[in-house]
Amino acid sequence: TETAPANPPSPTTYATPMGGGGGSAPLPPSNSPWGVSGLFESDCWAPAPTNADSCPAPTSSASSNSFFERTSTMLESAFSHAGTLGVQTCLGTETPLGHPQPPVPLCAPTVQLGCYQDSPQRVFNHTVAISDPKNDLEKCSGECALANMSLAAVEYGVACFCGDHLPDASLKLDNSRCNMACAGNSTQECGGSFTMNVFNFSCAGPVDPAPTSQDYYEGIFSRLMKKIPSLDWYWIWTPEAWEWSKVPTSDPVFTDAVDDLAAAMAAKEAVGFSPKMATNGWVVGPLPDRTIFDQVLPSSWDALTSIDLNTGHSPVDPSYRNVSRHAKWVI
């Protein structure tokens, strides 16, 4: 019998002068003026996790795993020492949590169920893609199988939606209204402008639903409890676009963040994760109502925080006075 290979680790990096953080270009200290080279032991200097096999980034699965373990050891050493000094510590991620999606399963349409009128509010409640240059019937089928839904719909050549129930019969149109070529396969028809081809599908073998954000948070929290038990806080960084734009509560930028925070809280409860939870960002919340998180997050959420855009020079955001359901602080 053959044993399926273990999933390889995700790419792992730690910021050094040679790159590895935020896509920055290498800036070797040895080539820098004004005595900068004297401040670094080597061009690839970094704290303890980085060594010869991980600069600027690990090059193999084994070195990625070893690097990840060394980072955990370094952080636990620092955080446990911080605890003896009365200093609280935090780690975190950005919302919504980014995570890899499993490969799209091999599926294909079985019965074309007709052309239906769509609307900006969407007839099918699960959106896979609005503009996918590889969209075709098979790809949309596989995406809907991953979403654990039984019907797929293609629209405007590039859009894919999923549902479990046929649209109302009053929305059915002549098939000639759904004859736009699929972006990923010009021999197939993929709906039209707010018109969609609806079909059911079958797949080659069983399809395991894609892991959810809660699944990933449970994995993160379980590992933190084992490897960094001295951690005090888990901070979730909010989308940076909020600092400039007015984001209504109906905007996916906001609703995706709220759903993601709910998944984090559910994961915390599921695995018994003890660190406190807080949001953090350049602003306490999106416009037009900076206090919206105080209204929609459960009282079990521990704190709302922010780092002012002009730290030390800007007055505290006056909306903080209206935050009443959660602890709050501004940096």
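This text follows the structure it describes.
Conventions adopted
Residues numbered from 1 in each chain as written. Predicted model: local features only at pLDDT ≥ 70, side-chain atom pairs only at ≥ 80, totals over all residues. Heavy atoms only, no water. Helix = DSSP H or I, 4+ residues; strand = E, 2+ residues; numbered from the N terminus. Expected span 1.5 Å × (residues − 1). Buried < 20%, exposed > 50% of the residue type's maximum accessible area, 1.4 Å probe, protein only. Arc of directions from axis to C-beta. Contact = heavy atoms within 4.5 Å. Pairing = 2+ DSSP bridges. Right-handed = clockwise from strand over helix to strand, strands pointing away. Axes fitted to C-alpha atoms, helices over the stretch in contact; angles between N-to-C directions. Parallel < 35°, antiparallel > 145°, perpendicular 65-115°, else oblique. Left-handed = near helix turned anticlockwise from the far one by under 90°. Nonpolar A, V, L, I, M, F, W, Y, C, P; charged D, E, K, R; others polar. Phe/Tyr/Trp six-rings, centres within 6.5 Å; stacked < 30°, edge-to-face > 60°. Salt bridge = Lys/Arg side-chain N within 4 Å of Asp/Glu carboxyl O. Disulfide = S-S within 2.5 Å.

### Considering helix α3 (residues 213-227)
For α3, which comprises 15 residues, the first-to-last C-alpha distance of 21 Å matches the rise-based estimate of 21 Å (1.5 Å per residue) to within 8%. Taken as a whole, α3 has its buried residues at Tyr-217, Phe-221 and Leu-224. Looking straight down α3, one finds its buried side chains confined to an arc of 60 degrees; they lie on one side. Contacts from the buried residues of α3 go to β1 (90-94), β10 (233-237), α4 (252-271) and β11 (276-280).

### Digging into the pairing of β11
Where a strand is regular, its side chains alternate between the two sheet faces. In terms of residue burial, β11 counts as a mostly covered element, since four of its five residues are buried. Across five bridges, β10 lies against β11 in parallel orientation. Directly across from Trp-235, in β11, lies its bridge partner Ala-278. Handedness of the β10-α4-β11 crossover: right-handed. Relative to strand β12 (residues 303-306), β11 runs parallel, the two being bridged by two bridges. For Thr-279, the partnering residue across the bridge sits in β12 and is Leu-304.

### A few points about the sheet that holds β11
In space, the five strands of this open sheet follow the order β1-β10-β11-β12-β13, with parallel pairing throughout. Here the strands that pair on one side only, and so sit at the sheet edges, are β1 and β13 (327-330). Strand after strand, the sheet turns through a mean of 25 degrees between neighbouring axes, direction not considered. Docked against the sheet, α4 engages β10 and β11, running at close to 165 degrees with respect to β11.

### Re the packing of α3 against α4
It is at 8 Å that the axes of α3 and α4 come closest, and there the two elements cross at 45 degrees. As summarised for this structure, α3 and α4 are arranged oblique, according to the angle between their axes. In this structure, the crossing between α3 and α4 has a hand that is right-handed. Contacts between α3 and α4 pair Ser-213, Gln-214, Tyr-217, Glu-218, Phe-221, Ser-222 and Met-225 from the former with Asp-260, Ala-263, Ala-264, Ala-266, Ala-267, Lys-268, Ala-270 and Val-271 from the latter. Looking at the contact of α3 with α4, its residues break down into nine nonpolar, three polar and three charged.

### Let's talk about the packing of aromatic side chains
Applying the stated criterion across every chain yields a total of eight aromatic pairs. An aromatic cluster is defined as three or more aromatic residues linked by ring pairs; in this entry it consists of Tyr-217, Phe-221, Tyr-234 and Phe-273.

### Considerations on the pattern of salt bridges
Tallying each qualifying case throughout the model produces six salt bridges. With its nearest N and O atoms 3.0 Å apart, the salt bridge here joins Arg-122 to Asp-118. Judged by relative accessible area, Arg-122 falls into the partly exposed class, the value being 25%. Looking at Asp-118, the relative accessible area reads 5%, which means it is buried. A salt bridge links Glu-143 to Lys-139, with the nearest nitrogen and oxygen atoms 3.5 Å apart. On the criterion of helical spacing, the pair formed by Glu-143 and Lys-139 is a turn pair, its members being four residues apart in helix α2 (residues 137-146). In this structure Lys-139 comes out as partly exposed when scored by relative accessible area, which is 26%. Within the structure, one salt-bridge network assembled from shared partners comprises Glu-69, Arg-223 and Lys-227.

### Let's talk about the state of the cysteines
On inspection of all chains with the given rule, the structure shows five disulfides. Here Cys-107 is linked by a disulfide to Cys-203, with a sulfur-sulfur distance of 2.0 Å. Of note, the bridge from Cys-107 to Cys-203 carries an S-S torsion of about 100 degrees and is right-handed in sense. With a gap of 96 residues between them, Cys-107 in strand β2 (residues 107-117) and Cys-203 in strand β9 (residues 195-203) connect regions that are remote in the sequence. Among the residues examined, Cys-203 registers a relative accessible area of 26% and is labelled partly exposed. The disulfide partner of Cys-115 is Cys-178, and the S-S distance across this bridge is 1.9 Å. Because the torsion about its S-S bond is 70 degrees, the bridge between Cys-115 and Cys-178 counts as right-handed.

### Considering unusual backbone geometry
The peptide bond linking Thr-95 to Pro-96 adopts the cis configuration, its omega dihedral lying at -5 degrees. Mapped onto the elements, Pro-96 comes out in the loop between β1 and β2. With an omega of 5 degrees, the peptide bond between Leu-287 and Pro-288 qualifies as cis. Mapped onto the elements of the fold, Pro-288 is located in the loop between β11 and α5 (292-296). A positive phi angle, near 55 degrees, is found at Tyr-156, a position not held by glycine.

### Observations regarding the sheet that holds strand β3 (residues 126-129)
Sheet architecture is open: six strands sit in the order β3-β5-β4-β9-β2-β6, paired in antiparallel fashion. If you trace the sheet from one side to the other, it starts and ends with β3 and β6 (172-173), each paired once. Across five bridges, the pairing between strand β4 (residues 151-155) and β9 is antiparallel. Within β9, the residue paired with Glu-155 across the bridge is Met-196. Across the sheet, α2 lies against β2, β3, β4, β5 (159-163) and β9, angled at about 95 degrees from β2, the strand it touches most.

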